[in-house]
Every structure is written in structure tokens, then in C-alpha cells.
Amino acid sequence: MTPVVARDRIRAPQRPGDVIFSTATVVAGSLILAVLAAVAGFLLVQSLPAFVAAPADFSGGFTNFWAYVWPLAFGTLWSALLAMIIAIPLAIGIALFISHYAPRRIAQGLGYVIDLLAAVPSVVFGLWGIGVLAPLVQPFYANLVDWFGWFPLFAGPVSGTGRTILTVAIVLAVMVLPIITALCREIFLQTPVLYEEASLALGATRWEMISMAVLPFGRSGIISASMLGLGRALGETMAVAMVLSPSPTVLFQLLTSQNPTTIAANIALNFPEAHGVGVNILLATGLILFVITLAVNMIARYIINRRKAFSGAN
């Protein structure tokens, strides 16, 4: 190729479609950043009075904002962590069953059912948690306290209604299950067939093939799906507010009637009656939730970037 031809190609005018598309992508990306900055700025400005509020402005006898928000942040992280401990193994197992074990017809039907769970409103999950799940698991909770009451997490007294932080974690796990399952299923289906066939040709069983080829290939995707589900669990409001009896305290016990509440549920329950500095205090707790969610996503991105070279995707 002569330099003249190369120079002419570089200076060739772009087609209108390319210009429109590139401009639209730049505008869309900039708009996302602008909205994120606007939300952060709004929360920060509205939260300033809460940081210097008098102790009389806080309900529950708290002396300052940090003493007020700490139990709420703990409840948010604790309930989300329990939900992810329950949801991630189930989601990976269901995704592997759909992608590598189930017959095609069963896999398609099960995939549709799992995807439909994502369309169920959170209020319905809250009603299910109150009316069905809590009474159902309460006898099991009583047995857990009798058998394992010596372990701090299962220490009594047991709740008589079953509306505990563990019940909330189960509800949240069911809510995030379709998100994690759907993403993991698509990731597992993207595993190169050559990887799977090579493992089977070397004498590996199906599970050995999955553990050596499928799971390493989808490792970064599993982390991404889990963090997306964690974001849903951290911000869930109605289901937590309906199932839990709010108690701004720090407790690790899973089965007692006194349970920590979450930031989102606390805002939903108290915002209709808040006024003056009380509104700023609730918005300040929203700012803390915003920071927690942002930090979780940054940590997840860091982990994914570190393991990207070993995921098989490249």
C-alpha cells in the first residue's frame, strides 16, 4: 500500500451513520456520569445538616448521626451477606443444571420460570415472606435454637412469628436468584466447546470437565453476576420493611424477634412522617447506602480485573 493511498483512507470522510452512532454513544455515556454526579451532589448537599444535627433530632436516643446510621449500615450489609451466601450456590447449581445437565425442553422451561421470578414485584415477595415463609420456618427456627443454641448465631430466645433477619435473607435470596442464575447460565453457555471436548477426551467426567473448563472460564462472570445481585439485595426496601420489625441495633443472632433493620427499609418507614432535619437525616442515610453500593461495585471491578487473565474469556 502506497503512502498516498493510506493517507487518502485516513482522510476519507465518515459516513453519517457512523457519526450519529459515535455521537450517541458519547452522549449516552456522558449522561450516565452526569446523572450519577447529580444524584451524589444532591444527596451530599441535603445531608450536610444531618452531620451537625442535635441529639434531639435523632429518634431512639442517638447522640449523633454516625451512631444513628451504624446499626442501619450493619443491618444492610448483614442481611445482604446472608442472602448472597444462600443465593450464590443455588444460582450456580441451577445455571449448571440448565446449561450442562438438563434436557433441552426441561432446560428451556426451567429457564423461563427462573426468568419470570425477576418480574415479581417486591411487595409480593414481602407478602409471601409474612404470610407463608415466616409461619412455615418458625418451628424449624425453634428446633435450631434447641439444638444449636450454644452457637452465637442461633442463640435464643427464638422469635414466635418467624419474622427474623434469616427470613429476610431467604426472601432476598429468592429475589436475587433469577438475576444471578440468568447471567451465570449465559456465561456457562459461552464456554468454548473445544475446552469441554478436550477435557472429556482426556477422560474427565462431566463434573471434572465443569470444574476444569466451565467454572474457570466463567469465574469473572460469576463475580459480576453476584455483585449485580448484591446491589439488588443492598437496595431492597419493601420486602425488608414488611417482614422485619425495625430495631436499630447491632445483633448477629439470626432467630430472635429483635433484629437489625436496613437503610432502605428505615427510609421507607420513616420518610412519610419526617420533617425538618429528620428529612435530611434520612437523606444522609441514603448517601451512606449510595457510598456502600459504590464501594461494593468498585471492589468487584478490582477483583474481576485481577482475575481477568485467568477467566478464559481472552
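What you are looking at is a predicted structure, and each value in this text was computed from that prediction instead of being measured.

J.: How do you make sense of helix 6 (residues 165-189) when you look at a structure like this?
T.: Three or four residues apart is the spacing at which side chains of an α-helix point the same way, because the helix has 3.6 residues per turn. With 25 residues, helix 6 should reach 36 Å at 1.5 Å per residue; the first-to-last C-alpha distance of 35 Å fits that figure. By the largest-angle criterion, Val176 marks the main kink of helix 6, which is about 40°, and a proline, Pro178, follows within four residues. With 18 of 25 residues buried, helix 6 lies mostly within the body of the structure.

J.: What is the right way to read the nonpolar core from this model?
T.: Generally speaking, a soluble globular protein has its nonpolar side chains buried in company with each other. Core analysis: the biggest nonpolar cluster contains 39 residues, and Phe65, Ile180 and Phe188 have the highest contact counts within it. Breaking this core down by element, the ones donating at least two residues are helix 3 (65-101), helix 6, helix 8 (206-217), helix 9 (219-235), helix 11 (263-270) and helix 12 (277-307). Considering each element in turn, this core owes the most residues, 12 residues, to helix 3. Not counting chain neighbours up to four residues away, the residues in contact with Phe65 comprise Ala50, Phe51, Phe58, Ile281, Ala284, Thr285 and Ile288. Trp78, Leu166, Leu172 and Leu255 belong to the second largest nonpolar core, which has 25 residues in total.

J.: Help me out: how do you make sense of the environment of Arg232 in this one?
T.: Mapping Arg232 onto the fold places it in helix 9. Distance in space between the C-alpha atoms of Arg232 and Ile165 is 17 Å, their sequence separation being 67 residues. When near neighbours in sequence (up to four residues on either side) are disregarded, Arg232 contacts Ser122, Met175, Val176 and Ile179.

J.: Any chance you could explain the environment of Leu230 here in plain terms?
T.: With respect to the helices and strands, Leu230 occurs in helix 9. Counting along the chain gives 51 residues from Leu230 to Ile179, while the straight-line C-alpha distance between them is 9.9 Å. Beyond its immediate chain neighbours, meaning those up to four positions away, Leu230 contacts Ala80, Met84 and Val296.

J.: Sorry if this is basic, but what is going on with the pattern of salt bridges here?
T.: When the charged atoms of two side chains with opposite charge come close together, those side chains can pair. Under the counting rule described, the total for this entry stands at three salt bridges. Here Arg185 makes a salt bridge to Asp115, at a shortest N to O gap of 3.5 Å. Here Arg185 is found in helix 6, whereas its partner Asp115 is found in helix 4 (residues 104-117), with 70 residues between them in sequence. Using a relative accessible area of 11% as the deciding quantity, one classes Arg185 as buried.

J.: Explanation requested: the confidence of the model for the chain in the structure shown.
T.: Mean pLDDT over the chain stands at 83; residues scoring 70 or higher make up 93%. The low-confidence segment residues 310-314, where pLDDT is below 50, has 11 contacts with residues more than four positions distant or belonging to other chains.

J.: Quick question: what am I supposed to make of the packing of aromatic side chains here?
T.: Geometry of an aromatic ring pair is reported as the spacing of the ring centres plus the angle between the planes. This model, assessed by the stated rule, comprises 10 aromatic pairs. Between Phe74 and Trp78, the aromatic rings sit 6.2 Å apart at their centres with planes inclined by 15°, giving stacked as the arrangement. Of the two residues, Phe74 and Trp78 are both situated in helix 3; the distance of four residues between them amounts to about one turn of the helix. The interplanar angle of 50° and the centroid separation of 6.4 Å between the aromatic rings of Phe148 and Phe154 together place this pair among those described as tilted. Of the residues examined, Phe148 reaches a relative accessible area of 36% and is grouped as partly exposed. Three or more aromatic residues link up through ring pairs in this structure, and these residues are Trp70, Phe74, Trp78 and Phe252.

J.: Got a minute to help me understand the layout of surface pockets in this structure?
T.: To find leftover empty space, a probe the size of one water molecule is rolled over the atoms. A volume near 280 Å³ is recorded for the largest pocket. What lines the largest pocket is a set of 15 residues, among which Ile98, Arg104, Ala107, Gln108 and Leu189 lie closest to the centre. For the lining of the largest pocket, the secondary structure elements donating two or more residues are helix 3, helix 4 and helix 6. Counting residues per element, the lining of the largest pocket draws most heavily on helix 4, which supplies six residues. Taken together, the residues of the lining of the largest pocket break down into seven nonpolar, four polar and four charged. Taken as a whole, the second largest pocket spans an internal volume of roughly 240 Å³. Lining the second largest pocket, in full, are Asp57, Phe58, Ser59, Tyr68, Asn270, Glu273, Ala274, His275, Gly278, Ile281 and Leu282. Broken down by element, the lining of the second largest pocket gets its largest block of residues, three residues, from helix 12. Of the residues assigned to the lining of the second largest pocket, the class counts are five nonpolar, four polar and two charged.

J.: Mind showing me how you'd approach the packing of helix 3 against helix 9 here?
T.: Their axes nearest at 9 Å, the elements helix 3 and helix 9 cross at an angle of 140°. As judged from the angle between their axes, helix 3 and helix 9 are oblique. Considering the relative orientation of helix 3 and helix 9, their crossing is right-handed. Mapping the contact onto sequence places Thr76, Leu77, Ala80, Met84, Ile88 and Ile92 in helix 3 and Ile222, Ser226, Gly229, Leu230, Ala233 and Leu234 in helix 9.

The rules behind the values
Residues numbered from 1 in each chain as written. Predicted model: local features only at pLDDT ≥ 70, side-chain atom pairs only at ≥ 80, totals over all residues. Heavy atoms only, no water. Helix = DSSP H or I, 4+ residues; strand = E, 2+ residues; numbered from the N terminus. Expected span 1.5 Å × (residues − 1). Bend = angle between axes of the 7 residues up to and from the residue. Buried < 20%, exposed > 50% of the residue type's maximum accessible area, 1.4 Å probe, protein only. Core = buried A, V, L, I, M, F, W, Y, C linked by side-chain atoms within 4.5 Å. Contact = heavy atoms within 4.5 Å. Salt bridge = Lys/Arg side-chain N within 4 Å of Asp/Glu carboxyl O. pLDDT = per-residue confidence, 0-100. Phe/Tyr/Trp six-rings, centres within 6.5 Å; stacked < 30°, edge-to-face > 60°. 1 Å grid on protein atoms, 1.4 Å probe; cavity = no way out; pocket = protein on both sides within 12 Å on 5 of 7 lines; lining within 4 Å. Points joined across faces, edges and corners; volume = space filled by probe spheres on them. Nonpolar A, V, L, I, M, F, W, Y, C, P; charged D, E, K, R; others polar. Axes fitted to C-alpha atoms, helices over the stretch in contact; angles between N-to-C directions. Parallel < 35°, antiparallel > 145°, perpendicular 65-115°, else oblique. Left-handed = near helix turned anticlockwise from the far one by under 90°.

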